[in-house]
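Analysis of the macromolecular model
The primary structure of each chain is shown beneath.
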Amino acid sequence: MNKKDAKDAVTSGPWAEIDLSALCANYDMLSAAAPAAETAGVVKCNAYGVGMEPAAKALAKRSGCQTFFVAYPEEGAILRAALAGDAPDADIFVFHGPSPTTLGVFRDARLTPVINSAEQAGWWAQAFPSIPCALHADTGMNRLGLGLETLGDINALSGMNVSVFMSHLACGAEPDHEMNARQRDAFAEASALFPDARKSLAASAGVLMDASYHYDVTRPGIALYGASPFSEDERRIKSVITLKAPIIQIRDINPGDSVGYNATFTATKPARIATVSIGYGDGIPVGGSGRACAIVNGERAQIAGRVSMDLIGLDITSLAEPPKIGDAAAFLGPDIRIFEAASACGVNSYELLTGLGGRVDRRYL
Ligand SMILES: *Cc1c(COP(=O)(O)O)cnc(C)c1O
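Reading the values: rules and limits
- Residues numbered from 1 in each chain as written.
- Predicted model: local features only at pLDDT ≥ 70, side-chain atom pairs only at ≥ 80, totals over all residues.
- Heavy atoms only, no water.
- Helix = DSSP H or I, 4+ residues; strand = E, 2+ residues; numbered from the N terminus.
- Buried < 20%, exposed > 50% of the residue type's maximum accessible area, 1.4 Å probe, protein only.
- Contact = heavy atoms within 4.5 Å.
- Areas by Shrake-Rupley, 256 points an atom, 1.4 Å probe, with all protein chains shown as cover.
- Lys, Arg positive; Asp, Glu negative; His and termini not counted.
- Charge placed at Lys NZ, Arg CZ, Asp CG, Glu CD.
- Axes fitted to C-alpha atoms, helices over the stretch in contact; angles between N-to-C directions.
- Parallel < 35°, antiparallel > 145°, perpendicular 65-115°, else oblique.
- Left-handed = near helix turned anticlockwise from the far one by under 90°.
- Nonpolar A, V, L, I, M, F, W, Y, C, P; charged D, E, K, R; others polar.
- Near = heavy atom within 4 Å.
- Polar contact = N/O pair within 3.5 Å; in protein donor to acceptor, adjacent residues only side chain to side chain.
- Expected span 1.5 Å × (residues − 1).
- Arc of directions from axis to C-beta.
- Patch = residues over 30% accessible without salt bridge, like charges linked within 9 Å, V, L, I, M, F, W, Y side chains within 5 Å.
- Salt bridge = Lys/Arg side-chain N within 4 Å of Asp/Glu carboxyl O.
- Domains from an automatic or database assignment.
- Buried area = accessible area lost by both parts, 1.4 Å probe.
- Disulfide = S-S within 2.5 Å.

With respect to the overall build of the protein
Each helix and strand counted, the protein has 12 helices and 20 strands in total. On the principal axes, the C-alpha backbone points of the protein span a range of 75 × 50 × 35 Å. Expressed as a percentage of its 365 residues, the buried residues of the protein come to 52%. Pairs at least 24 apart in sequence give 65% of the contacts found in the protein among residues at least 6 apart. Carbon together with sulfur atoms contributes 52% to the accessible area of the protein, which is approximately 15,900 Å² in total. With 31 positive and 40 negative side-chain charges, the protein shows a spacing of 6 Å between the two charge centroids.

Thoughts on the packing of helix α2 (residues 20-33) against helix α4 (residues 52-63)
The contact between α2 and α4 brings their axes to 9 Å, and the two run at 60°. Of the possible angle classes, the one that applies to α2 and α4 is oblique. Judged by the sense of rotation from one axis to the other, the crossing of α2 with α4 is right-handed. Contacts between α2 and α4 involve L20, S21, L23, C24, Y27 and D28 from the former and P54, A55, A58, L59, R62 and S63 from the latter. Grouping the amino acids of the contact of α2 with α4 by side-chain chemistry returns eight nonpolar, two polar and two charged.

Notes on the site of the ligand
Taken together, 13 residues lie around the ligand, and K44, Y48, S204, G221 and Y350 are the ones closest in. At 3.4 Å, a side-chain N or O of H168 approaches a nitrogen atom of the ligand. Alone, the ligand offers 390 Å² of accessible surface; in the complex the protein occludes 91% of this. Residues that form the shell around the ligand fall into these classes: seven nonpolar, three polar and three charged.

Quick word on helix α9 (residues 178-191)
An α-helical turn contains 3.6 residues, so a residue and the one three or four places further along point in the same direction. Here α9 spans 20 Å end to end across 14 residues, near enough to the 20 Å set by a 1.5 Å rise per residue. If you check which residues of α9 are buried, you get M179, N180, Q183, R184, A186, F187, A190 and S191. Down the axis of α9, the sector holding all buried residues measures 165°, keeping them to one side. Of the surrounding secondary structure, the elements contacted by the buried residues of α9 are α8 (151-156), β9 (162-166) and β10 (198-200).

Focus on a nonpolar patch on the surface
A contiguous nonpolar surface patch, about 270 Å² in accessible area, is contributed by Y280, V286 and M309. Note that Y280 resides in the loop between β15 (271-276) and β16 (293-296).

Some thoughts on the domain arrangement of the protein
Its domain assignment divides the protein into domain 1 (20-225) and domain 2 (241-364). Between the C-alpha centres of domain 1 and domain 2 the distance comes to 37 Å. Counting residues at the interface gives nine residues for domain 1 and nine residues for domain 2. Carbon and sulfur atoms make up 71% of the area that domain 1 and domain 2 hide from each other, which totals about 810 Å². At the surface where domain 1 touches domain 2, the tally comes to zero salt bridges. Inspection of the domain 1/domain 2 interface yields two residue pairs in polar contact (both at pLDDT 80 or more).

A few points about the state of the cysteines
For the structure on display, the rule yields zero disulfides. Here C24 is not disulfide-linked; the sulfur of C65 is the nearest cysteine sulfur, at 9.3 Å. Its relative accessible area of 5% is what places C24 among the buried residues.

Digging into the pattern of salt bridges
Scanning the entire structure with this criterion turns up 16 salt bridges. Here the salt bridges share partners, and the residues they tie into one network are D282, D310 and R359.

Focus on unusual backbone geometry
In the Ramachandran plot, C45 falls in the positive-phi region, its phi being about 50° despite a non-glycine side chain. Mapping C45 onto the fold places it in helix α3 (residues 44-48). Even without a glycine there, the phi angle at A263 is positive, about 50°. Residue classification places A263 among the partly exposed residues on the basis of a relative accessible area of 40%.

So, the environment of H96
Counting through the fold element by element, H96 comes out in the loop between β5 (91-94) and α6 (103-108). With relative accessibility at 36%, the residue H96 sits in the partly exposed group. Once residues within four sequence positions are removed from consideration, H96 is found in contact with A71, Y72, V114, N116, Q120 and L144.

Below, the structure written as structure tokens:
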């Protein structure tokens, strides 16, 4: 196979058109929503599937983002190398913090740990005394972070230099949930122990909630990538990803004929089915079978039958303009937002985005 054949082969499968200017517009919108705070970019998990390197570079270069968060130190090292040209001195925070085996990665890639436990505080303060770190207080989520009653001891630990004091909301998806205010108030009280540290509480949801959640540094992720952090859609956020795949076969079927594995769709009248080259191996959840839609030539077509690994049937019977082989079907984009597609598939927006398969060709606009 020569180079050209290889490229043609890739285009026979799904692709994602990624609009980096929409990504930066979302950053700018989040920045304007919390004008007194610095807006960091959360780029963990390959920037939620969008691609860490292009996403972080665009945020640094076009929107001036200088602070990033990743989950694992290994992600931080990759990000440090990716930003060498555009933002060599960016602050890169690592949510999971250090372990004895990763301390060298923090040093070599100039990463800032988020300290989540007394053990991590001890390792850090001993290995790199006075080098700044972030401290994560658990204000009720009971996931990562230090219990409030232990903060005084950590603060007093010799060698500790806490430059950012942070916590995380458990119920940001529901702005009216009483736990949000409870966590915010606990955070405010605990932060008095760290008068010189910058404070950080808001992820995407907190940024779009009122100013009492904003503090000094915000940490949006999902909203950058075009999805709502709430349990409803949020139209201030622009679509970033358009996920498309080609129709590779079209067939007419008779009443009583079924489509796909386990014959879960049976035609009740003559029907036309388009078979599309995308499946759960590319991140379309099986839960979308018979429920989720795609846009074909501007019209909606519902998934007929069960989603396969590499193929999906669409019921195109009632489309005014019948598609032909090679036409694209769009499963995500400006007309099918991530929230809608995720809801139809029975997953949340985060799962849908981060589940986008490695086989999907990312094309940056
Ligand atoms: C992932 C994560 C974020 C970003 O959350 P979004 O809801 O995607 O904006 C912020 N803070 C912490 C601690 C996280 O784990």
